[in-house]
Amino acid sequence: MAATAPAGPPPPIATSKSSKVSSIRIFQRGTGRRLQYSGGQRHNISGQNRLWASCGERDAQIDLGQTPDSTVNSANKASQTAMHAIYSPQIVASALTDPFRVYQELGGDFEGLGNASGMNPLDMDETISLSKYVAFFEKAAADLRHPVFGWEVGTHFDLHNIGAFGEFILEAPTLGAALSLFKNAFSLVQSDSELALQVEDDEAVLNYRILDLDIWPRAQDSEMTISVFHQLIKSVAGKDWRPTLVSIEHETSAIWNDARIGPRCPVQYNAPANSLRFPARLLDRPMAQAKAENHNDVSRAFLRHAWQQEREAPVSARVRREIVRRLGRDELDQTIIAAALGLSRRTLRRRLEDESKSFNSILSDCRIRFSEIALRESGKSVSEISDYLGYSTTSAFERAFKSRKGLTPKQFRMQNRSN
């Protein structure tokens with residue numbers, strides 16, 4: 001199932017007397033909201049979601065960052081409106097630790113690229129723009145003339161660098177539990193993205209994609225993220241394991257023929273999402289660092305706060321995510337989107353009006369932006385793109401596109417491909 005935000009909050013954390021957890025403390029700065037147990041050793045890390053978490057006899061504190069709770073801020077609507085006006089997808093800054101290191105080890109000009117990408121590690125906040133993060137990978141690969149830079153970073157990516165969330169993924173009892181935690185609380189690390197895990201008969205499929213269509217090109221980030229999961233699965237399957245299939249959303253890649261670090265399996269291009277297909281039986285394999293005590297309790301804590309964090313985004317951003325998530329596979333009806341966000345159609349309309357937005361304008365933006373990428377990057381025909389986006393006719397798509405871009409889809413394709 002896709003890692004979508006649930007319509008209601010997850011159930012509260014169980015606190016039975018038989019629990020071995022002596023302390024979990026969870027708080028969010030600025031809210032005063034706390035849940036406390038008591039405990040032992042703590043793990044402190046940097047990043048937006050400064051996390052300590054608890055399993056067994058260890059102490060745990062989960063600090064979900066500096067964004068105030070929407071209920072606390074409801075009295076200060078002007079402040080919240082300003083925050084919405086400057087909203088952009090984010091990722092924890094500590095996720096750059098290994099990319100920076102690998103780039104330097106491969107001989108890159110760290111200072112020069114940092115200045116060019118606007119990401120000086122000495123100057124970074126707890127989170128950074130996801131757009132800048134993705135652009136760093138593209139610039140690094142081009143600078144090094146190393147087309148598999150993203151995949152190589154993934155082979156060296158240490159999940160401890162994303163804090164206690166990464167630690168608890170590694171300490172999950174099984175690979176299935178690790179991947180479920182990853183997908184359900186992925187927004188604690190990276191916003192405006194989708195991670196999904198599906199089991200089809202005897203095969204599992206792990207999907208990843210960024211839900212902001214303005215973040216493009218993003219081939220290196222896509223390959224890096226799939227490589228991270230490739231390494232995680234390999235850690236339980238053995239060093240000689242290879243996936244059944246790797247799918248990527250971009251048009252071509254060098255990973256398929258890199259025997260040194262590549263996946264050594266068939267690679268599919270122009271896919272709807274980046275994915276990794278592997279035998280479902282591996283989901284039951286134990287993790288090497290498994291510490292099963294109270295994993296479910298801690299997972300629910302992460303899930304609950306991921307859900308809360310997702311809801312703090314502007315409703316227009318949440319609508320955009322749902323539309324992009326459903327493009328080409330589900331109905332793009334306002335009532336259905338509202339229900340997915342836990343709202344009525346009328347409430348959704350009112351909330352969007354508060355942000356000077358409308359559902360139809362957001363839907364149109366998403367369709368046109370997707371069609372630009374498809375026309376430039378894929379070999380799909382105009383009619384195929386029209387059908388995929390849910391237009392009633394190809395002519396309707398052509399009119400909408402020309403109204404926004406000043407060119408017909410065919411003219412846009414010819415102009416951008418020649419450039």
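Look above for the structure.
What counts, and at which threshold
- Residues numbered from 1 in each chain as written.
- Predicted model: local features only at pLDDT ≥ 70, side-chain atom pairs only at ≥ 80, totals over all residues.
- Heavy atoms only, no water.
- Buried < 20%, exposed > 50% of the residue type's maximum accessible area, 1.4 Å probe, protein only.
- Helix = DSSP H or I, 4+ residues; strand = E, 2+ residues; numbered from the N terminus.
- Contact = heavy atoms within 4.5 Å.
- Phe/Tyr/Trp six-rings, centres within 6.5 Å; stacked < 30°, edge-to-face > 60°.
- Arc of directions from axis to C-beta.
- Salt bridge = Lys/Arg side-chain N within 4 Å of Asp/Glu carboxyl O.
- Patch = residues over 30% accessible without salt bridge, like charges linked within 9 Å, V, L, I, M, F, W, Y side chains within 5 Å.
- Areas by Shrake-Rupley, 256 points an atom, 1.4 Å probe, with all protein chains shown as cover.
- Lys, Arg positive; Asp, Glu negative; His and termini not counted.
- Charge placed at Lys NZ, Arg CZ, Asp CG, Glu CD.
- Pairing = 2+ DSSP bridges.
- Axes fitted to C-alpha atoms, helices over the stretch in contact; angles between N-to-C directions.
- Parallel < 35°, antiparallel > 145°, perpendicular 65-115°, else oblique.
- Core = buried A, V, L, I, M, F, W, Y, C linked by side-chain atoms within 4.5 Å.

K.L.:
Looking at this structure, I do not really get helix H7 (residues 175-184). What am I missing?
P.N.:
For an α-helix, the turn length of 3.6 residues means that residues three or four places apart are oriented alike. With respect to burial, H7 is a largely interior element, eight of its ten residues being buried. When we look at burial in H7, the residues that qualify are Leu-175, Gly-176, Ala-177, Ala-178, Leu-179, Leu-181, Phe-182 and Lys-183. Along its buried surface, H7 packs onto helix H6 (164-170), strand E6 (193-200), strand E7 (203-210), helix H8 (219-237), strand E10 (274-279) and helix H9 (295-311).

K.L.:
Looking at this structure, I do not really get the packing of aromatic side chains. What am I missing?
P.N.:
The way to describe two aromatic rings as a pair is by their centre distance and the angle between their planes. With the rule as written, the count across this model stands at 16 aromatic pairs. Their ring planes at 65° and their centres at 6.0 Å tell us that Phe-397 and Phe-401 sit as a pair that is edge-to-face. On the criterion of helical spacing, the pair formed by Phe-397 and Phe-401 is a turn pair, its members being four residues apart in helix H15 (residues 394-405). Among the residues examined, Phe-397 registers a relative accessible area of 0% and is labelled buried. Of the residues examined, Phe-401 reaches a relative accessible area of 0% and is grouped as buried. With 5.4 Å between their ring centres and 75° between their planes, Phe-401 and Phe-412 make a pair best called edge-to-face. Of this pair, Phe-401 sits in helix H15 while Phe-412 is found in helix H16 (residues 409-418), placing the two residues eleven residues apart along the sequence.

K.L.:
Could you clarify how one ought to interpret helix H14 (residues 382-389) in this entry?
P.N.:
Taken as a whole, H14 has its buried residues at Val-382, Ile-385, Ser-386 and Leu-389. Burial along H14 is one-sided: seen end-on, the buried residues are contained in an arc of 100°. Positive backbone phi, approximately 85°, marks Gly-390, located one or two places after H14.

K.L.:
So what exactly am I meant to see when it comes to the pattern of salt bridges here?
P.N.:
Opposite charge on two side chains allows them to pair when their charged atoms are near. Under the defined criterion, the tally for this structure stands at 20 salt bridges. Between Glu-194 and Arg-329 there is a salt bridge, with its nearest N and O atoms 3.1 Å apart. Here the residue Glu-194 occupies a position in strand E6, and Arg-329 occupies one in the loop between helix H10 (315-326) and helix H11 (334-340), the gap between them amounting to 135 residues. With relative accessibility at 3%, the residue Glu-194 sits in the buried group. The shortest N-O distance in the salt bridge between Lys-405 and Glu-372 comes to 3.3 Å. Taken together, the residues span a long stretch of sequence, with Lys-405 in helix H15 and Glu-372 in helix H13 (residues 359-377) at a distance of 33 residues. Judged by relative accessible area, which is 11%, Glu-372 ranks as buried. Overlapping salt bridges, with partners in common, bring together Glu-194, Arg-209, Glu-322, Arg-325, Arg-326, Arg-329 and Asp-330 in one network.

K.L.:
Got a minute to help me understand unusual backbone geometry in this structure?
P.N.:
For residues other than glycine, phi is negative in most cases, and the peptide bonds are mostly trans. Cis geometry marks the peptide bond from Trp-216 to Pro-217; its omega dihedral reads 0°. Assignment of secondary structure puts Pro-217 in the loop between E7 and H8. The phi angle at Asp-192 is positive, at roughly 55°, despite the residue not being glycine. A positive phi angle, near 55°, is found at Asp-201, a position not held by glycine. The residue Asp-201 is located in the loop between E6 and E7 in this model. Residue class for Asp-201 comes out exposed when judged on its relative accessible area of 78%.

K.L.:
Would you mind going over a positive patch on the surface with me for this structure?
P.N.:
Taken together, the side chains of Arg-311, Arg-345, Arg-346, Arg-349, Arg-350 and Arg-351 define a basic patch exposed on the protein surface. When residues of the positive patch are assigned to their parent elements, the largest contribution, five residues, is made by helix H12 (residues 345-354).

K.L.:
Please clarify how the pairing of E7 should be interpreted in this entry.
P.N.:
Residues in a regular strand project their side chains so that they alternate between the two faces of the sheet. Burial within E7 is extensive, with eight of its eight residues counted as buried. Burial of E7 is two-sided: the residues Glu-203, Val-205, Asn-207 and Arg-209 facing one way and the residues Ala-204, Leu-206, Tyr-208 and Ile-210 facing the other way are all buried. Two successive antiparallel strands, E6 and E7, enclose a turn made up of two residues, where Asp-201 displays a positive phi of approximately 55°.

K.L.:
How should I be thinking about the packing of helix H4 (residues 130-144) against H8 in this particular structure?
P.N.:
How two helices pack is summed up by the angle between their axes together with the distance between the axes. Where H4 meets H8, the axes come as close as 7 Å, and the angle between the chain directions of the two elements is 100°. With respect to each other, H4 and H8 are oriented roughly perpendicular. For the pair formed by H4 and H8, the contact residues are Tyr-133, Val-134, Phe-137, Glu-138 and Ala-141 on the first element and Ala-219, Gln-220, Asp-221 and Met-224 on the second.

K.L.:
What is the right way to look at the nonpolar core in this model?
P.N.:
A general trend in soluble globular proteins is that nonpolar side chains are found buried together. Residues Tyr-133, Phe-136, Phe-149 and Phe-278 are the most contacted members of the largest nonpolar core, which totals 72 residues. Ranked by residue count, the leading element in this core is H4, at eight residues. Apart from the residues lying within four places of it in its own chain, the contact partners of Tyr-133 are Ile-91, Ala-95, Leu-96, Pro-99, Met-119, Ile-128, Asp-221 and Met-224. The next biggest cluster of nonpolar side chains, apart from the first, holds 32 residues, and it includes Val-319, Ala-338, Leu-352 and Phe-370.

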